[in-house]
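If you want the building blocks of each chain, they are given just below.
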Amino acid sequence: MTMSPHEVQAYVLTYLEALDCQIMERSPAHVTVKLSPEADKALTNRPYYWGFVERTGAPAETMSFTFIFDPDSYQQAIEAAEAKAAQASPPDGTNGVTNGSPQGEPPKETILGRYFGITPSLPQLGPGRILREEVVYGSRRLQQIFGAAREGGAFVNLFEQAAKRQLRATAPAVYEPWLGVCFKVEFACDLKREELHFLGISLRSGEIIEKFGTKLNRRDLSPRLAENMHVQTAKVSLFDAGAALESHLTNRLLELDYSWAEKAQERLDLELDVLDTYYEAVLREDTPEVESPGNITSDTENVPSDRTSPAPLKNVLDITNAKPIGSDVELAAEAAVPIDSETDAEEEKAKQAVIDREAMKLQYETRRTEMIWQYEPKVKVTAISSGMFHLR
């Protein structure tokens with residue numbers, strides 16, 4: 001799903017006009033607007049400033065923006081305007097301005113100009129500046145407007161405006177309260193389809209109307225209660241009305257064709273069979289057994305020993321007799337070291353095999369969970385907006 005620049009502009013303008021923002025300039029490619037206090041709080045993220053205004057009672061100064069919906073067209077329009085202004089200016093380029101002041105007016109003296117000559121104009125800062133920002137589909141600002149509209153319009157309370165002759169009537173007109181809920185229904189598997197169902201129920205009679213939006217489009221609605229109008233007391237509670245709408249929508253969904261869900265389940269079974277077959281072959285491999293040190297037979301018992309009985313102390317101290325004894329010790333050490341290193345290598349190999357097997361099991365479970373989430377057919381119903389509508 002995507003939105004064209006024209007659709008984005010229509011949506012943003014509808015939001016700005018609903019919040020009473022002041023439109024200062026508008027073209028097919030952009031709009032310059034001064035935000036209302038409500039829009040400024042929702043879009044500019046200035047909680048400390050608005051906290052200061054609310055505490056002190058100081059007059060609020062909202063920000064101004066130039067929202068660009070078609071950057072290419074807007075840039076072309078700016079270049080065309082600059083070229084036109086350059087053609088209309090005098091050849092000397094003064095354009096009727098002398099030393100930065102309009103013709104006929106003396107230049108204003110500044111502190112910096114007195115000591116450093118003519119200084120370039122600085123960019124305008126503060127509340128009077130106009131920020132420029134591109135608002136295209138997928139931009140951060142548009143996502144913020146989507147969220148603000150969703151949060152601010154989640155629930156509304158509107159009244160149908162009466163005709164002028166009703167304002168002069170002797171008897172007040174009567175409003176009938178209606179609860180309207182817009183449901184989003186998602187049919188999801190490895191494919192996805194969405195539907196919107198706008199249902200309305202009368203809180204007086206319990207009558208349920210499908211496509212409630214068409215009933216509201218022909219009426220002038222306002223959040224303000226009109227004069228000479230009377231609101232009837234509801235006979236159906238909001239809880240019962242909401243349950244009735246959910247039951248009505250559930251019965252409608254049960255009447256639909258769910259052959260797509262059966263096909264999605266067949267695709268899921270096929271994918272799981274392929275996944276199970278692959279990992280079953282991998283996990284079927286035998287894990288090397290870890291031999292305990294008690295089961296390891298030392299080869300030192302089979303090594304022939306040439307060592308004789310201990311020699312007398314005087315012979316041990318003799319240099320000629322110390323040589324054979326040292327050679328025997330070295331032979332015994334050389335025979336023991338390879339045995340220990342081979343044992344440690346086998347143990348490490350076996351432990352690593354166990355770790356790899358556990359990691360493979362975890363990977364298999366993760367892949368299977370993801371496959372079920374992607375292919376399993378499901379129907380999800382969400383109430384995205386609701387409101388009370390007082391209609392004649």
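Above this note sits the structure.
All residue numbers refer to position in the chain's written sequence, counted from 1. Per-residue local features of the predicted model are confined to residues with pLDDT of at least 70, and side-chain atom pairs are confined, for both listing and counting, to 80 or more; whole-chain, interface and lining totals are unaffected and use all residues. Here the side-chain values reflect all heavy atoms present in the structure, with hydrogen atoms and water set aside.

## Let's talk about the pairing of strand S7 (residues 155-160)
Looking along a regular strand, one sees side chains alternate from face to face of the sheet. Applicable threshold: Note on pairing: two strands pair once DSSP finds at least 2 bridges between them. Runs of E in the DSSP output that reach at least two residues are strands. Runs of H or I that reach at least four are helices, and both are numbered from the N terminus.
Pairing geometry for S7 and strand S13 (residues 378-391), over five bridges, is parallel. When the sheet's bridge partners are listed, Phe 159 is paired in S13 with His 390.

## Some remarks on the pattern of salt bridges
Pairs may arise between side chains of opposite charge once their charged atoms sit close together. Applied cut-off: When a carboxyl oxygen of Asp or Glu lies within 4 Å of a side-chain nitrogen of Lys or Arg, that pair is called a salt bridge. To sort residues, take the accessible area from a 1.4 Å probe on protein chains only and compare it with the maximum for the residue type: under 20% means buried, over 50% means exposed, and anything in between is partly exposed.
According to the stated counting rule, one finds 14 salt bridges in the structure shown. Measuring nitrogen to oxygen at the nearest pair gives 2.9 Å for the salt bridge that ties Glu 160 to Arg 219. Here the residue Glu 160 occupies a position in strand S7, and Arg 219 occupies one in the loop between helix H8 (212-217) and strand S11 (221-222), the gap between them amounting to 59 residues. Classification of Arg 219 by relative accessible area gives partly exposed; the value is 24%. With its nearest N and O atoms 2.4 Å apart, the salt bridge here joins Glu 195 to Arg 193. Salt bridges sharing partners connect three or more residues here, namely Lys 184, Glu 186, Lys 192 and Glu 194.

## As for the packing of aromatic side chains
What counts, and what does not: The criterion for an aromatic pair is that two Phe, Tyr or Trp rings (for Trp, the six-membered ring) have centres within 6.5 Å, with stacked assigned to planes under 30 degrees apart, edge-to-face to planes over 60 apart and tilted to the rest. Charge-over-ring contacts are defined here by two conditions on Lys NZ or Arg CZ: a distance within 6 Å of the ring centre and an angle within 35 degrees of the ring normal.
Applying the stated criterion to the full structure yields eleven aromatic pairs. Summarising the aromatic geometry, the rings of Phe 198 and Phe 212 are spaced 5.6 Å apart at their centres and angled 85° between planes, so their arrangement reads as edge-to-face. Here Phe 198, found in strand S9 (residues 192-202), pairs with Phe 212, found in helix H8; they are 14 residues apart in sequence, far enough to count as distant. Ring centres of Tyr 278 and Tyr 279 lie 5.0 Å apart, and the angle between their planes is 85°; on these two criteria the pair is classed as edge-to-face. Pairwise contacts between aromatic rings join Trp 178, Phe 198, Phe 212 and Phe 389 into one cluster. Taking the ring centre of Trp 50 as reference, the NZ or CZ of Lys 41 above it sits at 5.2 Å. Positioned above the aromatic ring of Trp 178, the side-chain terminus of Lys 215 is 5.4 Å from the ring centre.

## As for the sheet that holds strand S3 (residues 64-68)
Sheet strands pair by backbone hydrogen bonding; their relative direction is either parallel or antiparallel. For the record, the criterion: Under this scheme, a helix contributes an axis fitted over its contacting stretch, all axes are lines through C-alpha atoms, and angles between N-to-C directions fall in the 0 to 180 degree range.
Read across the open sheet, the four strands follow the order S1-S2-S3-S6; overall the sheet is mixed. The strands lining the two open edges of the sheet, one partner per strand, are strand S1 (22-27) and strand S6 (130-134). Averaged over neighbouring strand pairs, the angle between their axes works out to 15° when direction is ignored. When S3 meets S6, the two strands line up parallel, connected through five bridges. Bridging across to S6, Ser 64 finds its partner in Ile 130.

## A look at the packing of helix H1 (residues 5-18) against helix H6 (residues 140-152)
Note the following rule: The cut-offs work like this: below 35 degrees is roughly parallel, past 145 is roughly antiparallel, 65 to 115 is roughly perpendicular, and the gaps in between are oblique. Helix crossings fall into two classes, left-handed where the near helix is turned counterclockwise from the far one by less than a right angle and right-handed where it is turned clockwise. Any two residues having at least one pair of non-hydrogen atoms within 4.5 Å are treated as being in contact. Residues are grouped as follows: Ala, Val, Leu, Ile, Met, Phe, Trp, Tyr, Cys and Pro are nonpolar; Asp, Glu, Lys and Arg are charged; every other residue, Gly included, is polar.
Interaxial distance between H1 and H6 falls to 11 Å at its minimum, and their mutual angle equals 45°. The orientation of H1 with respect to H6, classified from their angle, is oblique. With respect to the hand of their crossing, H1 and H6 are arranged in left-handed fashion. Seen from H1, the contacting residues are Val 8, Tyr 11, Val 12 and Tyr 15; seen from H6, they are Leu 142, Ile 145, Phe 146, Ala 148 and Ala 149. Here the residues of the contact of H1 with H6 are counted per class, giving nine nonpolar, no polar and no charged.

## Quick look at the nonpolar core
Here is a general trend for soluble globular proteins: nonpolar side chains tend to be buried in one another's company. Rules: We define a nonpolar core as any set of buried Ala, Val, Leu, Ile, Met, Phe, Trp, Tyr and Cys residues linked to one another through side-chain atoms lying within 4.5 Å.
Residues Val 12, Leu 16 and Phe 67 are the most contacted members of the largest nonpolar core, which totals 22 residues. Counting only elements with at least two residues in this core, the list comes to H1, strand S2 (30-34), helix H2 (37-43), S3 and H6. Here this core gets five residues from one element, more than from any other, and that element is H1. Those residues in contact with Val 12 that lie beyond four places of it in its chain are Phe 67, Phe 69, Val 135, Leu 142 and Ile 145. Core analysis: the next-biggest nonpolar cluster, separate from the first, contains 13 residues, Val 185, Leu 199, Ile 201 and Met 388 among them.

## Thoughts on H1
Because an α-helix completes one turn every 3.6 residues, residues spaced three or four positions apart along the sequence face the same direction. This is how the line gets drawn: Here a helix's expected span is defined as the number of its residues, less one, multiplied by 1.5 Å.
Helix length check: H1 (14 residues) gives 20 Å between terminal C-alpha atoms against 20 Å at 1.5 Å per residue, within 8%. Lining the buried residues of H1 we find S1, S2, H2, S3 and H6. Directly after H1, the chain includes Asp 20, whose backbone phi takes a positive value near 60°.

## Remarks on helix H9 (residues 238-254)
Selection rule: This arc is taken over the directions from the axis of the helix to the C-beta atoms.
Counted at 1.5 Å a residue, the expected span for H9 with its 17 residues is 24 Å, and the 24 Å between its end C-alpha atoms agrees. Residues of H9 that are buried include every one of Ala 241, Leu 245, His 248, Leu 249 and Leu 253, and no others. For H9, the buried positions fall inside an angular range of 135° around the axis, keeping them on one side. Exposed positions of H9 whose direction lies more than 90 degrees from the buried face are Phe 239, Glu 246 and Leu 254. The elements touched by buried residues of H9 are strand S8 (173-188), S9, strand S10 (208-210) and S13.

## A closer look at unusual backbone geometry
In this structure, Asp 20 is a non-glycine residue whose phi angle is positive, near 60°. Residues other than glycine seldom take positive phi values, yet Asn 45 does so here, at roughly 55°. Along the polypeptide, Asn 45 turns up in the loop between H2 and helix H3 (47-56).

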